[in-house]
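Chain and residue survey
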Amino acid sequence: YVVGHNLIKAHAEAWHLYNETYRAKQGGLISITINSDWAEPRNPHNQEDINAARRYLQFFLGWFAHPIFKNGDYNEVMKTRIRERSLAQGLSQSRLPEFTESEKQRIKGTYDYFGLNHYTTVLTYNVNYPAGVLSYDSDRGVASVTDRSWLNSGSFWLKVTPFGFRKLLRWIKKEYNNPPIYVTENGISERGALDFNDTWRTHYYRSYINEALKAVVLDGVDLRGYTAWTLMDNFEWAVGFDERFGFYHVNFTDPNLSRRPKASARYYSQIINCNGFPDPAMG
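Okay, so let's go over this structure.

Rules behind the numbers
- Residues numbered from 1 in each chain as written.
- Predicted model: local features only at pLDDT ≥ 70, side-chain atom pairs only at ≥ 80, totals over all residues.
- Heavy atoms only, no water.
- Phe/Tyr/Trp six-rings, centres within 6.5 Å; stacked < 30°, edge-to-face > 60°.
- Helix = DSSP H or I, 4+ residues; strand = E, 2+ residues; numbered from the N terminus.
- Buried < 20%, exposed > 50% of the residue type's maximum accessible area, 1.4 Å probe, protein only.
- Lys NZ or Arg CZ within 6 Å of the ring centre and 35° of its normal.
- Axes fitted to C-alpha atoms, helices over the stretch in contact; angles between N-to-C directions.
- Parallel < 35°, antiparallel > 145°, perpendicular 65-115°, else oblique.
- Contact = heavy atoms within 4.5 Å.
- Nonpolar A, V, L, I, M, F, W, Y, C, P; charged D, E, K, R; others polar.
- Salt bridge = Lys/Arg side-chain N within 4 Å of Asp/Glu carboxyl O.
- Expected span 1.5 Å × (residues − 1).
- Polar contact = N/O pair within 3.5 Å; in protein donor to acceptor, adjacent residues only side chain to side chain.
- Pairing = 2+ DSSP bridges.

**Quick word on the packing of aromatic side chains**
Scanning the model with the defined rule gives 24 aromatic pairs in all. Between the aromatic rings of Phe165 and Tyr208, the centroid separation amounts to 5.8 Å while the plane-to-plane angle is 40°, which identifies the pairing as tilted. With Phe165 in helix H7 (residues 162–175) and Tyr208 in helix H8 (residues 199–217), this residue pair connects regions lying 43 residues apart in the sequence. In this pair, the class of Phe165 matches that of Tyr208, namely buried. One aromatic cluster in this structure is built from Phe165, Tyr204, Tyr205, Tyr208, Phe247 and Tyr268. Here the basic side chain of Arg42 rests over the ring of Tyr125, its NZ or CZ set 3.8 Å away from the ring centre. Positioned above the aromatic ring of Phe196, the side-chain terminus of Arg260 is 3.7 Å from the ring centre.

**As for the packing of H8 against helix H9 (residues 263–274)**
For the pair H8 and H9, the least separation of the axes is 8 Å and the interaxial angle reads 25°. The angle between the axes of H8 and H9 places the two elements in the roughly parallel class. Judged by residue contacts, Arg201, Thr202, Arg206 and Ile209 of H8 engage Ala263, Ser264, Tyr267, Tyr268 and Ile271 from H9. Grouping the constituent residues of the contact of H8 with H9 by class yields five nonpolar, two polar and two charged.

**Let's talk about the pattern of salt bridges**
With the rule as written, the count across this model stands at 23 salt bridges. Between Arg106 and Glu20 there is a salt bridge whose closest N-O contact spans 4.0 Å. Of this pair, Arg106 sits in helix H5 (residues 101–107) while Glu20 sits in helix H1 (residues 2–26), and the two are 86 residues apart along the sequence. Residue class for Arg106 comes out partly exposed when judged on its relative accessible area of 32%. By relative accessible area, which is 57% here, Glu20 ends up exposed. What you see here is one network of salt bridges that share partners, running through Glu190, Asp198, Arg201, Asp233, Arg244 and Lys262.

**Topic: H7**
Taking 1.5 Å of rise per residue, 14 residues should cover 20 Å, and H7 covers 20 Å from first to last C-alpha, within 8% of that figure. Those residues of H7 that sit buried are Pro162, Gly164, Phe165, Arg166, Leu168, Leu169, Trp171 and Ile172. In the stretch just after H7, Asn177 is the one whose phi turns positive, near 60°.

**So, the side chain of His249**
Residue position: His249 is located in strand S8 (residues 248–250). Polar contacts involving the side chain of His249 include one to the side chain of Asp233, which spans 3.5 Å.

**Looking at the sheet that holds strand S2 (residues 38–41)**
Overall, mixed pairing links the three strands, which are arranged S2-S4-S5 in an open sheet. Whereas interior strands pair on both sides, the edge strands pair on one side only; in this sheet they are S2 and strand S5 (142–145). Within the sheet, the average angular offset between the axes of one strand and its neighbour, ignoring direction, is 45°. Relative to strand S4 (residues 121–126), S2 runs parallel, the two sharing four bridges.

Put into structure tokens, the structure is as follows:
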């Protein structure tokens, strides 16, 4: 929480520096990108599960979005949960730091757009951790599972759930007063034997981009841009080169790092060339 607290304050200072010193000359935009899943209640008829889904989003996306895009302060869900658990643990104050009034004013509105990374959806339910457990998960009081019918990927955490993309975009519109949104990451991984006919990746992009289109046309979401993750296979955090997200395969055993397009690269290039889904009637 301390690291996140300082990150939000540092973000605000960077925004103000650009706004006051460089914007007039460069005419650029500056903001923050926040990664978030969408959360559905495991049982949509169970109020505890519904509340768990709300907490999941507020502890994930809302942690950083609420101060920047709303009022300069943390959301009430986080403030209340962490304060109550901190006091129950015998502490004199919440483990979630507080912003001063001047910091709140400094942080509020430090965005030109909402940057979003999104990949997947989870099903959430309530978990009551013992009072002595000090952790983000115990403060949140939420566990998550996935539906066995959802398609897999090369990453254990990433299930193909396009419906959640539209729901998350719509939630951001409602929660944060319809900010302009740029999707800065969205994609799917593979692992194991190489297959250049990556039909699952084409399916993922077709389905997710279609949900984004629905969000714009049917829900009025102000979606300004979309960026696929990613152009080429690369080094993916703790899993190294085992999980591959690229449209282009990279041969990492070749000193020249030779690259070769997968079938999804051709499909995505059609979308880019057409600025939308290709019209079958136009060939």
